[in-house]
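Chain by chain, the residues:
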Amino acid sequence: MADSDIATPAVVHRADYAPPAFLIETVALEFDLASERTRVRNTMRVRRNPHAVHAARFDLMGEQIQFVSATLDGKPHTAVHVHESGLSIDQVPDAFELTLESLCHPAENTTLSGLYVSGGHFFTQCEAEGFRRITYFLDRPDVMSTYTVTLRADKAAYPVLLSNGNLLEEGDLPDGRHFARWDDPFRKPSYLFALVAGKLECIEERVKSASGKEKLLQVWVEPHDLDKTRHAMDSLIHSIRWDEARYGLELDLDRFMIVAVSDFTMGAMENKGLNIFSSRYLLANPETATDTDFANIEAVVGHEYFHNWTGNRVTCRDWFQLSLKEGLTKFRDQEFSADMAAGDEANASADAARATKRIANVRTLQQAQFAEAAGPMAHPVRPESYVEINNFYTTTVYNNGAEVVRMYQTLFGRDGFRKGMDLYFKRHDGQAVTCDDFRHAMSDANGRDLAQFERWYSQAGTPRVAVKTAYDAAQRSYRVTLTQSYGESLAAARETQKGPLLMPFSIGLIGKDGKDLPLRLEGEASAAPGTTRVLELTEATQTFTFVDVAEQPLPSLLRDFSAPVIVEYDYTTEELAFLLAHDSDPFNRWDAGQRLITRELLSLAQHAAEGTALSLDDSVVDAFGRVLADESLSPSFRELVLMLPSEGYLAEQMAESNPAAIHTARQYVRKRFAAALKNAWLAAYEQNRTPGAYEATAKAIGHRALKNLALSYLAELDDPSDAIRLARAQYDAANNMTDREAALSALLSAATTRGDAIAEPVLADFYKRYETEPLVIDKWFALLARQRGSASRPTIDMVRNLSSHPAFTLKNPNRVYALIFTFCAANPAQFHAADGSGYAFWAEQVIALDALNPAVAARLARSLEMWHRFTPTLREKMRAALEQVAARVKSRAVREIVEKALG
Ligand code: B3K
Ligand code: ZN
């Protein structure tokens, strides 16, 4: 029952916003739950909106539901017109009570939007526009109502009945049925409604909130997963404490529940008091989940919890404002994870731990968001129009939105940012507001005009800052000239680019001894404290002059990535190596390494494309070798420095993306690093073992990360026998999934190098050992989809076989992400095979998914959106595949993506 939407997609424009003609004050929902046919009775108290234009009819949205009856103020009402996208009710007074009855069909619902069945249980997903698939409603976020919900179902099949808020009453009914009645005292938009019903069990804890009120916390899962709930519960408790401490925000409900579901399109959903999570962002124990899984769960549990204030108490006026809640909440979860990683460590290592989180955030931004901003889906943080809102839950809205929020904090400091947050809640609690409202709160609380800052919300594309410097030895002055502009952008992004941004640009100056120099700007009486200055750039070009500069410095630019931009400065290789060795700003130290190696990789790729010999200067290898051997640096930082940029990111940096050449270049460097630093890798492996019980502390995670990176490099050696020996032993002895998965991955890579079947027995053991753990079987699929492959054994053959494996199904997004997305989005060299086999596979999968789950299909469709940037042969094959998909798909979501891509 997929969306077989209208042929010509309707475009929704931000400029067309109008307040709703009616408001719905209270909603009483009654569900008679049955998987084939669920009956929904919806009683609403409605009144005209005094602030809207008078409407003759009451129009409600509805999709894929069957109308049964309408009652207005207690009398049957027949002036009802049912149509494809909802119903219209004529002859309504100014205030009235309306009861609508309708039917929906959860078992047939493969879209995972609205009410659906997963694993025999009922779940809902309403954001953004799923509530209209449950009942007729004013399904828009600026209509906020209080809800009471009565659930009725067979007691044996669905012993647990959950909805938002507080449990009022529960009891038995005739015929083996039972009921539960829930009441949510807080007004909310319909997208935050949720229900869950099934055979679930929970772990629970009672905690006291800051003001001393008792709160009941529950984590609900299928009974066999109870042993994987502890980490989610701990993460929830940490989130509650963190929001109280950092923002003075308390949990408002008496009860807070989180529930795992196996079939879910997104990561998780912040429904009021009843968060629903994709199982992979909730379930974890050391045996089944990796360190990355543990970190992701902490971040997502935090994220959904933080939405309770940033999203739920204060919500979005319309979906164009999505970043109001998502950018802000992403920023909050990033800060939470950084503080959690810093833990109780002493200052220096706390800063290092924070920096590794910051680096990981920026890496995601650079690798995913910068590409999005350069492609046909480029849009501002606050988009101007959309066809399908589900396509706008993007890295621009989330990650770039988080950077925009972070800039307020960089400009005003933590205290100034907190003042802005306090004012935002004081003004807007219980309201549906806009990104402008947030900016005004920041502006008013800090007494600063932020009109220019608005451009961060309205301009698409990635700004560039070109830097020119000049040292005057006689004057002892150092001039830094910053010029901001957008590079080449596609037309749609260019049209949004109106003028210079207000940009915090952090800078430090480094002396010949590698130490920071004092910073004093022209006109200042003395050097300011600290060795990093936040320059505020407001003009297209601006010069800042530092005085009292004793020697020609090396500039450390955009420290801690103070703005989401690309810095252009002609560092020499030696200068980058110097920064990599000395910069006191850990982010920039990492960034120098990335710049250095990216430059080499791109030049190597050029040689590979031309078929000329590859070489890499020893001095470059040595610069990285010194970091690897530097025990004053944390293992997690060293791991980040020595991890090369991804193939996808590198291909994006080429004038014409050539995935095969990038792969050759990157493998060449990996092998050089492996061979030249072999002893250092072996030493790092030994020094970073984590004997004893598994611990998910930042420290232990760092050790495992560096140890497993060492293993992966050793597996690149022409003779990978050390890696094979270590990996086999590691696989057998592992007491955690991080080590077991890394060992298997190293064996798969050694097997490709040697062209033999060395990994097969371990691969088979892995499957058998975890056959009943779907999330681990996902890892098995992903490991295979990520394989390097070879001319005689291209990965596509394996992936095709796996797509008819008995454990594979297109209906489960996690499995689709594991096999199909990993291959199409994370294995560029194999996916972009010259024969177009990857594209043919992609087209088949997009078309098949389109009929089941358009949101997942649309995400997959995006793997070809950058087709215009590739080499001519690939480009033509990609376009043909896109055209084939465009001709066959029906959903609005996929059509929007492929039509934008084709231009
Ligand atoms: N707000 C949800 C996203 C729901 C997406 C619907 N297509 C997840 C989150 O950002 O917390
Ligand atoms: Zn969110």
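What you are looking at is a predicted structure, and each value in this text was computed from that prediction instead of being measured.

Rules behind the numbers
Residues numbered from 1 in each chain as written. Chains lettered and ligands numbered in written order. Predicted model: local features only at pLDDT ≥ 70, side-chain atom pairs only at ≥ 80, totals over all residues. Heavy atoms only, no water. Near = heavy atom within 4 Å. Polar contact = N/O pair within 3.5 Å; in protein donor to acceptor, adjacent residues only side chain to side chain. Helix = DSSP H or I, 4+ residues; strand = E, 2+ residues; numbered from the N terminus. Nonpolar A, V, L, I, M, F, W, Y, C, P; charged D, E, K, R; others polar. Pairing = 2+ DSSP bridges. UniProt positions renumbered as here; feature names shortened; annotations may be inferred. Buried < 20%, exposed > 50% of the residue type's maximum accessible area, 1.4 Å probe, protein only. Arc of directions from axis to C-beta. Domains from an automatic or database assignment. Contact = heavy atoms within 4.5 Å. Buried area = accessible area lost by both parts, 1.4 Å probe. Axes fitted to C-alpha atoms, helices over the stretch in contact; angles between N-to-C directions. Parallel < 35°, antiparallel > 145°, perpendicular 65-115°, else oblique. Left-handed = near helix turned anticlockwise from the far one by under 90°.

1. Observations regarding the site of ligand 1
Then, number 1: Around ligand 1, a shell composed of 15 residues is seen, among which Glu-127, Glu-270, Glu-304, Asn-390 and Tyr-398 lie nearest.
Then, number 2: Contacts to ligand 1 include Glu-270, whose side-chain N or O atom sits 2.7 Å from a nitrogen atom.
Then, number 3: For the shell around ligand 1, the secondary structure elements donating two or more residues are strand S20 (268-269), helix H2 (291-306) and helix H3 (322-342).
Then, number 4: Residue classes in the shell around ligand 1 are distributed as six nonpolar, four polar and five charged.

2. As for the pairing of strand S15 (residues 177-189)
Then, number 1: Relative to S15, strand S12 (residues 144-154) runs antiparallel, the two being bridged by ten bridges. Looking across to S15, one finds that Tyr-147 is bridged to Asp-184.
Then, number 2: Pairing geometry for strand S14 (residues 166-173) and S15, over seven bridges, is antiparallel. Bridge pairing in S15 places Leu-173 opposite Arg-177.
Then, number 3: Hairpin connection of S14 to S15: three residues between the antiparallel strands, including Asp-175 at a positive phi of 60°.

3. Description of the UniProt feature "domain: Peptidase M1 alanyl aminopeptidase Ig-like fold" (unreviewed entry) in the chain
Then, number 1: Under the local residue numbering, the UniProt record ascribes the feature "domain: Peptidase M1 alanyl aminopeptidase Ig-like fold" (unreviewed entry) to residues 461-570.
Then, number 2: Span residues 461-570 is 4% helix and 42% strand, its end C-alpha atoms 22 Å apart.

4. Details of helix H15 (residues 678-687)
Then, number 1: Every buried residue of H15 is listed here: Trp-681, Ala-684 and Tyr-685. Summarising the axial view, the buried residues of H15 lie within an arc of 105°, below the 170-degree limit, and thus occupy one face.

5. A short note on the domain arrangement of the chain
Then, number 1: Domain annotation for the chain reports domain 1 (1-196), domain 2 (315-458), domain 3 (464-570) and domain 4 (771-903).
Then, number 2: One C-alpha centre belongs to domain 2, the other to domain 4, and the line joining them spans 31 Å.
Then, number 3: Listed per partner, the contact involves twelve residues of domain 2 and eleven residues of domain 4.
Then, number 4: For the pairing of domain 2 and domain 4, the buried interface totals around 1,000 Å² over both sides, and the portion due to carbon and sulfur atoms is 57%.

6. A word on the sheet that holds strand S8 (residues 86-89)
Then, number 1: With antiparallel pairing, three strands are arranged side by side in an open sheet as S4-S8-S7. The sheet is open, and its two borders are formed by strand S4 (58-61) and strand S7 (80-83), each paired with just one other strand. Between one strand axis and the next, the sheet turns by 15° as a mean value, whatever way the strands run.
Then, number 2: As judged from the four bridges shared by S7 and S8, these two strands associate in the antiparallel manner.

7. As for the packing of helix H24 (residues 837-850) against helix H25 (residues 854-861)
Then, number 1: Relative to each other, H24 and H25 sit at 160°, their axes nearing to 7 Å. It follows from the interaxial angle that H24 and H25 lie roughly antiparallel. The element H24 and its partner H25 pack so that their crossing is left-handed. For the pair H24 and H25, the contacting residues are Trp-842, Gln-845, Val-846, Leu-849 and Asp-850 in the first and Pro-854, Val-856, Ala-857, Leu-860 and Ala-861 in the second.
Then, number 2: Residues of the contact of H24 with H25, tallied by class, amount to eight nonpolar, one polar and one charged.

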